[in-house]
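# Summary of the model geometry
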Protein chains: 4
Amino acid sequence: MSSIGIGLIGTGFMGKAHALAYRSAKAVMGDVPDVRLELLCEQPFDKAEKFADQFGFARATDNWRDLLNDPAIDIISITTPNMLHHEMALAAIAAGKHVYCEKPLALTLDQAREMRDAAAKAGVKTMVGYNYIHNPAFTHACRLIKSGAIGRVVHFRGWVDEDYQADPNLAWTWRSTLADAGLGALGDMGCHLVSMAYGLLGPIDNLVGDMQTVHQTRPLSDGTGSAAVENEDTATALVRFASGVQGSISTSRSAWGRKSRLAWEVHGTEGMICYDQERMNELQLYQNSGNPAEQGFKTILTSPHHAPYGNFCPAAGHQLGFNDLKVIECATFLSALAKGEDAYPNFNDAFEFEKVIHAVATSAREDRRVKLADFD
Amino acid sequence: MSSIGIGLIGTGFMGKAHALAYRSAKAVMGDVPDVRLELLCEQPFDKAEKFADQFGFARATDNWRDLLNDPAIDIISITTPNMLHHEMALAAIAAGKHVYCEKPLALTLDQAREMRDAAAKAGVKTMVGYNYIHNPAFTHACRLIKSGAIGRVVHFRGWVDEDYQADPNLAWTWRSTLADAGLGALGDMGCHLVSMAYGLLGPIDNLVGDMQTVHQTRPLSDGTGSAAVENEDTATALVRFASGVQGSISTSRSAWGRKSRLAWEVHGTEGMICYDQERMNELQLYQNSGNPAEQGFKTILTSPHHAPYGNFCPAAGHQLGFNDLKVIECATFLSALAKGEDAYPNFNDAFEFEKVIHAVATSAREDRRVKLADFD
Amino acid sequence: MSSIGIGLIGTGFMGKAHALAYRSAKAVMGDVPDVRLELLCEQPFDKAEKFADQFGFARATDNWRDLLNDPAIDIISITTPNMLHHEMALAAIAAGKHVYCEKPLALTLDQAREMRDAAAKAGVKTMVGYNYIHNPAFTHACRLIKSGAIGRVVHFRGWVDEDYQADPNLAWTWRSTLADAGLGALGDMGCHLVSMAYGLLGPIDNLVGDMQTVHQTRPLSDGTGSAAVENEDTATALVRFASGVQGSISTSRSAWGRKSRLAWEVHGTEGMICYDQERMNELQLYQNSGNPAEQGFKTILTSPHHAPYGNFCPAAGHQLGFNDLKVIECATFLSALAKGEDAYPNFNDAFEFEKVIHAVATSAREDRRVKLADFD
Amino acid sequence: MSSIGIGLIGTGFMGKAHALAYRSAKAVMGDVPDVRLELLCEQPFDKAEKFADQFGFARATDNWRDLLNDPAIDIISITTPNMLHHEMALAAIAAGKHVYCEKPLALTLDQAREMRDAAAKAGVKTMVGYNYIHNPAFTHACRLIKSGAIGRVVHFRGWVDEDYQADPNLAWTWRSTLADAGLGALGDMGCHLVSMAYGLLGPIDNLVGDMQTVHQTRPLSDGTGSAAVENEDTATALVRFASGVQGSISTSRSAWGRKSRLAWEVHGTEGMICYDQERMNELQLYQNSGNPAEQGFKTILTSPHHAPYGNFCPAAGHQLGFNDLKVIECATFLSALAKGEDAYPNFNDAFEFEKVIHAVATSAREDRRVKLADFD
């Protein structure tokens, strides 16, 4: 594969992030195949043309099916609203394209399973946009835990909060419906937290969850009244990992002041590691060693000692940004593709993460402990 | 009541805190009755004498029953290990003494109920050592919530962690037994968190809990092997408040690096308030008001604007310490006593807090949702 | 000396702090002589009586000279406005009393020198209220530096800021005059910073300073106009320590948001230590050792490993407050007195600290480098 | 100008940052002209070829003079070691190219002045890599000050510290020589701080400085002994701005633990703003308004409310990284060029910043107050 042809569907938050990542992946990382930005899809057509020009794509279309049989395209990036992932991904897979899809895979676990199975059967490569787990601070935390830096892991707590639905006066949109949005906070953010928990501690075996729609109705934007919010604003679960460790996860989209608080703490027999995405270039590490009078949480600033930070910047503490994580993710996929290998996390991995958020919702609705294996 | 006679049982961590508080209460607060430090009980007797001299008590004894019928004593402070509170408090109440007891009231909820009922029947006044709820930062947070500063409360999260049992090599003691210590982290720390949650949001209606003994055995100090740890190192619960708000509480005594992390966040429809006891002179406040470009969490340093901070210090940001909270608690009790009023939190209030920790343990053991009303 | 008789002049911020400290010193520290709270002076007399009752003093007076020849009094605590220290301290020394005086010693360096020399000649013991240097976090920092924990010291920076004169509309008072207040920010706060710098790095040899009155007039409180502010709101100096190390010190009383920001950083060849009084129970320590991927500033919470913290509380991270530092200071003086030893910092030490603030002012006024030796 | 041809000299830290910025500028910002990555210069030639391929440049050379007369090239980016800027920039200007040069302009102020004058005379456009002043957090701070959010500015303090020369055992290199490196910490970092101070408060009128080489010799890497360090490790100055405001600036390249601490605080009559580059997505704002009981420093996370953050990411708190600042800088230059306008900061502006660092060095060497006007 001398160079890889790219088709991109969507030009919003994630569409732009994909485009930027494709433009920078090789320049940053070096050992990444060349890409050709072939075809960009957006609606209406003039918007597609505008963004094709801005992002550097050769051609534009307003019909995503144009990408399916375009022989110049190897990868299709799907960055459309979540409700569209399922249909588009299945079509892309059917067309033999590799798929780089934003999270979550789909609105329902059944759809996600179908996507996973279709990709496996077709033998195409996949990548899912769980970009936070590519943060050098995060992968270093995983290495620290694996190396025994905090001893045996004994407890976990994680939170992921934003405030984009905190205002009670925010107008009702399709985001409030089960049919168009599926899960609420769990789908938008909860699965990111799960992807981190899995990297740090491995799979969850069973859990008990609770959830709540704190703003039960929202005003209609046309002023004609209000409509019901069908999905959850907050969700929390007591989880038991397969390793036997207990913990908890919690999410809210109505948490005023939290802008990107994807935070967790891992307790071990010899120390603790903590992280907060709002300070994504820092890791907190406590180790029970040395003089007790000098123990304390260390604030580790990411640096070239935390690969692949050094590919972005040879100086410590100069900081990566949100879009840089997407560059790492994209480069990971492109490199794996060039080698004919699977990338992490692919549809299979993403399905495992997303089982958890659907399990939390099921447990909360039915007020009972659920086993993850029942969602396979 | 011209002056109040004090009898103190115990001279450890809490015994000293009570003694210091009695010595400072009036000098700090002004409108507090005088106290006479009459009789201090410790074992053996020479230790009692030494501490009576150090703390300024007139007399010493090694027999706590000496306090019961001493006519010079109005209040008995009970600061002994938790297993002794029940017997001592009941005896003090029977002797017609007012009781200032450390938390938790007792090892079991049955004992706590008996203490509550006995005090009510005898008509004596009681106070329980939930000192953190007297922090001016905390009471200001309660006022802020009540005044609508963050709108309607929609979610709660709380944690209370220390690391005094984090070391797997720490020797086995009576603290690990149900018979002598009762609950583990829930009893030592969890009830403090509940006392704060109740002040901020009111009572909990029902919950689902999970708990774990992460260090299942501990070495015997005589080197002859190891013994089982019978109570929990960690516990977490999904709680539903009577107001309908959902939330979670969690505690660990095996959380390396946490020294006094009694922390919580209250989410409202118009803002958020956060607190961490490790920075006990600070309050974090976010309000959705004003220019969005200038919104952010404010770090409020406690000051004379947060009564009764000004009684300690007329300058903002100069900080109260742990023992100062005990001074406020003690002064509150003494003042109430002088007026013949009930103080907060008395045995009745403490019983409400402690119902919750026992409910968490019951829920965890039986793997089911429990209602607090069933523990009345 | 079986017990020590105390006379206290003043009942404001510092008067109360002294009273509380005398009441707690032995109870907290144990090996401290008993005190008798003999005579309290305040004006008018009914205020003196009120505070004598509140603070537990046996007698009250409105004439401070009554303390001088009172045979029951061993120590006179001087907590009056700075302009009064000189006359009172000289009178107390002349009467053979030991003197516990608030900082700064006096308005002018000449007065301070006279006080220092009088005390030395009379052979009485003295203590000056540089309470921040008794903080266990601070003394631990000094030990760390001495032990080589950060290698050879190479640089220093310090700041001390508050905002009590930040409001331009604050009324003019005597605090704005050279005659009644002497120096501004340098006298109120700058000398505290110097006391810390001296403990950390030893004496300053020479310096260049600049200073400014940022609010050059203030409104008269009777609405009749405004009056000039004669002393400095801000002052900064480039300092060279006797050891050869360079550094800087800066102070402002017009720094909005700073409530007690007495902060510094000491740079060494192998690490750095930082401190901020607004989080007075924390120390920041960076050491260049171990795996570079895990280096970072450690937040050390004070604990029983940092004597005498454990005398206040046997549990780490539970925090001391402002008044607790005064207890340590007071106990230090009482213990030294009982042993017939000098306490630190006495009038001699305080004179050394205060030379620096006067040197800064002189350098700023004359726009030239000054040597500290010229102020001896 | 339909598209702009780029020639890049250098592929190190800054060379890569320029390349990435050119690749992303239009994709991120939209209204930016297209660029053609024409010719990359590095030595030896195979390294040039490798990086031309990685960064996406059409051609490679090992002779920087090849860029001068290449008609396809409009802008020459100079990212070589500082000692080479002067010759290359003058040659580029002479060839009629626009120049995008890294800071500092040159080793000496005379060289910098010559570059400034040559560019002005030739009429070419210039940009200098003071990337930190393009941070949306910084430009928002400037807007806040201008809008009066903190009242009249009364004081300034700034620091810029790293630890790349903190290790005494680090080998001697050309960086330690006046001939090849010129100034030390002042040149590497100090000028960044000045660029921020000028944006916040305007020009400095005069100053008094001090500086020090704390590691006076360094071991030769061949083990044959050690050599002298000729330039400063630390430098500090008391500055007076043209506006009359006093302040101080300080820099150290031997500050263990500081990785990118470019920090400052601006004091105003109604508030304060603080910033630290190590948390480059945060701004600290204190305002004296509203209820005193709820005042405190606000931590503002950058968001789409702080243009051009939203061009990178439509969600608040998701964070920009170091390379993103270079994208803004690059886009600023490209856009200005397209309009035939001057960009900020150009050689003229950079000369003003760099006057200050040379003035500090002169003042320190000659131990006297210096006026900036004397360096024009």
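Definitions and cut-offs
- Residues numbered from 1 in each chain as written.
- Chains lettered and ligands numbered in written order.
- Predicted model: local features only at pLDDT ≥ 70, side-chain atom pairs only at ≥ 80, totals over all residues.
- Heavy atoms only, no water.
- Least-squares fit on C-alpha atoms with pLDDT ≥ 70 in both.
- Contact = heavy atoms within 4.5 Å.
- UniProt positions renumbered as here; feature names shortened; annotations may be inferred.
- Helix = DSSP H or I, 4+ residues; strand = E, 2+ residues; numbered from the N terminus.
- Buried < 20%, exposed > 50% of the residue type's maximum accessible area, 1.4 Å probe, protein only.
- Buried area = accessible area lost by both parts, 1.4 Å probe.
- Salt bridge = Lys/Arg side-chain N within 4 Å of Asp/Glu carboxyl O.
- Polar contact = N/O pair within 3.5 Å; in protein donor to acceptor, adjacent residues only side chain to side chain.
- Nonpolar A, V, L, I, M, F, W, Y, C, P; charged D, E, K, R; others polar.
- Axes fitted to C-alpha atoms, helices over the stretch in contact; angles between N-to-C directions.
- Parallel < 35°, antiparallel > 145°, perpendicular 65-115°, else oblique.
- pLDDT = per-residue confidence, 0-100.
- Domains from an automatic or database assignment.
- Phe/Tyr/Trp six-rings, centres within 6.5 Å; stacked < 30°, edge-to-face > 60°.
- Lys NZ or Arg CZ within 6 Å of the ring centre and 35° of its normal.

### Structural notes on the relation of the copies chain B and chain A
When chain B is brought onto chain A, the operation consists of a screw motion whose angular component is 180° and whose axial shift is 0.0 Å, with 0.0 Å RMSD remaining. Expressed as a symmetry operation, the mapping of one chain copy onto the other fits a two-fold axis. In this assembly, 100% of the residues forming the interface of chain B have copies in chain A that are likewise at the interface, indicating an isologous arrangement.

### Considering the UniProt feature "domain: Gfo/Idh/MocA-like oxidoreductase N-terminal" (unreviewed entry) in chain A
Mapped onto this numbering, the UniProt entry gives "domain: Gfo/Idh/MocA-like oxidoreductase N-terminal" (unreviewed entry) at residues 5-130 of chain A. Annotation note: span residues 5-130 of chain A, helix share 44%, strand share 21%, distance between end C-alpha atoms 22 Å.

### Remarks on unusual backbone geometry
Note that the residue after Ala307(A), namely Pro308(A), is joined by a cis bond; omega there is 0°. Relative to the helices and strands, Pro308(A) resides in the loop between strand E16 (297-301) and helix H8 (309-312). The backbone phi angle of Asp367(C) is positive, close to 50°, even though this residue is not glycine. Taking relative accessible area as the criterion, Asp367(C) reaches 37% and is therefore assigned partly exposed. In this structure, Gln319(D) takes a positive phi of about 80° despite not being glycine. One can find Gln319(D) in the loop between helix H8 (309-312) and helix H9 (322-339). Take Gln319(D): its relative accessible area is 6%, and that puts it in the buried class.

### Side note on the interface of chain D and chain C
Interface size is often expressed as the accessible area that is lost when the parts come together. Taken together, the contact between chain D and chain C spans 49 residues of the former and 49 residues of the latter. For the pair chain D and chain C, the two sides together bury roughly 3700 Å², of which 47% comes from carbon and sulfur. Together, Asp210(D), Leu238(D) and Trp256(D) form the three largest contributors to the area buried by chain D at its contact with chain C, with a combined 19%. Taken together, the connections running from chain D to chain C amount to 12 salt bridges. Across the pair Asp367(C) and Arg369(D) runs a salt bridge whose closest N-O atoms are separated by 3.0 Å. At the boundary of chain D and chain C, one finds 24 residue pairs in polar contact (both at pLDDT 80 or more). Among the secondary structure elements, those contributing two or more residues to the side of chain D that touches chain C are strand E7 (153-161), strand E8 (204-212), strand E11 (234-241), strand E12 (246-252), strand E13 (261-268) and strand E14 (271-276) of chain D. A class-by-class count of the residues in the side of chain D that touches chain C yields 16 nonpolar, 19 polar and 14 charged.

### Notes on the packing of helix H5 (residues 136-146) of chain D against helix H7 (residues 185-201) of chain D
Residue and element names in this part refer to chain D. Packing of H5 against H7 leaves a shortest axis separation of 8 Å and a crossing angle of 30°. Judged by the inter-axis angle, H5 sits roughly parallel to H7. Between H5 and H7, the residues in contact are Phe138, Ala141, Cys142 and Ile145 and Met196, Gly199 and Leu200, respectively. For the contact of H5 with H7, the residue count by class is 6 nonpolar, 1 polar and no charged.

### Remarks on the confidence of the model for chain A
Residues with a pLDDT of 70 or more make up 100% of chain A, whose mean pLDDT is 97. With pTM at 0.98, the complex prediction returns an ipTM value of 0.97.

### A closer look at the UniProt feature "domain: GFO/IDH/MocA-like oxidoreductase" (unreviewed entry) in chain A
In the numbering adopted here, UniProt assigns the feature "domain: GFO/IDH/MocA-like oxidoreductase" (unreviewed entry) to residues 139-273 of chain A. Between the C-alpha atoms that bound residues 139-273 of chain A there is a distance of 12 Å. The span itself is 21% helix and 37% strand.

### Section: the interface of chain B and chain A
Taken residue by residue, the interface counts 49 residues in chain B and 49 residues in chain A. Summing the contributions of chain B and of chain A, the shared interface buries around 3600 Å²; its carbon and sulfur component is 47%. Of all residues in chain B, the largest losses of buried area upon contact with chain A belong to Asp210(B), Leu238(B) and Trp256(B), amounting jointly to 19% of the total for that side. For the pair chain B and chain A, the number of links is 12 salt bridges. The partner of Arg240(A) in a salt bridge is Asp210(B), and the shortest N-O contact between them spans 2.7 Å. Applying the counting criterion to the chain B and chain A interface returns 24 residue pairs in polar contact (both at pLDDT 80 or more). Among the elements of the structure, strand E7 (153-161), strand E8 (204-212), strand E11 (234-241), strand E12 (246-252), strand E13 (261-268) and strand E14 (271-276) of chain B are those that each provide at least two residues to the side of chain B that touches chain A. Grouping the amino acids of the side of chain B that touches chain A by side-chain chemistry returns 16 nonpolar, 19 polar and 14 charged.

### Points about the pattern of salt bridges
Scanning the model with the defined rule gives 112 salt bridges over all chains in all. For the salt bridge of Glu265(A) with Arg157(A), the shortest nitrogen-to-oxygen distance reads 2.7 Å. With Glu265(A) in strand E13 (residues 261-268) and Arg157(A) in strand E7 (residues 153-161), this residue pair connects regions lying 108 residues apart in the sequence. This pair shows no difference in class: Glu265(A) is buried, exactly as Arg157(A) is. Here the residues in one salt-bridge network are Arg157(A), Glu265(A), Asp161(B), Arg258(B), Arg261(B) and Asp276(B), joined through shared partners.

### What about the relation of the copies chain D and chain C?
Here chain D sits on chain C after a turn of 180° about the axis and a move of 0.0 Å along it, with an RMSD of 0.0 Å. A share of 100% of the interface residues of chain D reappears at the interface of chain C, consistent with the copies meeting face to face through the same patch.

### Here's the deal with the domain arrangement of chain A
All names here are of chain A. Assigned domains of chain A: these are domain 1 (4-131) and domain 2 (134-370). Across the contact, 46 residues belong to domain 1 and 47 residues belong to domain 2. Buried area between domain 1 and domain 2, both sides added, is near 3900 Å², and the carbon and sulfur share of it is 71%. Of all residues in domain 1, Met127, Tyr130 and Asn131 bury the most surface against domain 2, accounting for 21% of the area lost on that side. Applying the counting criterion to the domain 1 and domain 2 interface returns 2 salt bridges. Of the charged contacts in the structure, one is a salt bridge between Asp342 and Lys125, with a shortest N-O distance of 3.1 Å. Summed over the shared surface of domain 1 and domain 2, the result is 15 residue pairs in polar contact (both at pLDDT 80 or more). Taken together, the elements giving at least two residues each to the side of domain 1 that touches domain 2 come down to helix H1 (13-29), helix H3 (82-94), strand E5 (98-101), helix H4 (109-122) and strand E6 (126-128). Ranked by residue count, the leading element in the side of domain 1 that touches domain 2 is H1, at 11 residues. Each residue belonging to the side of domain 1 that touches domain 2 can be placed in one class, and the counts come to 32 nonpolar, 8 polar and 6 charged.

### Some remarks on the packing of aromatic side chains
Residue and element names in this part refer to chain A. Per the counting criterion, the structure on display carries 54 aromatic pairs over all chains. Relative to Phe353, the ring of Tyr198 lies with its centre 5.9 Å away and its plane at 80°, an arrangement referred to as edge-to-face. You can see Tyr198 sitting in helix H7 (residues 185-201) and its partner Phe353 sitting in helix H10 (residues 347-366), a full 155 residues away along the chain. Assigned by exposure class, Tyr198 and Phe353 land together as buried. Ring-pair connections join several aromatic residues into one group, and the members of that group are Tyr130, Tyr198, Tyr344 and Phe353. One Lys or Arg, Lys50, reaches over the ring of Phe51 and ends 4.0 Å from the middle of that ring.

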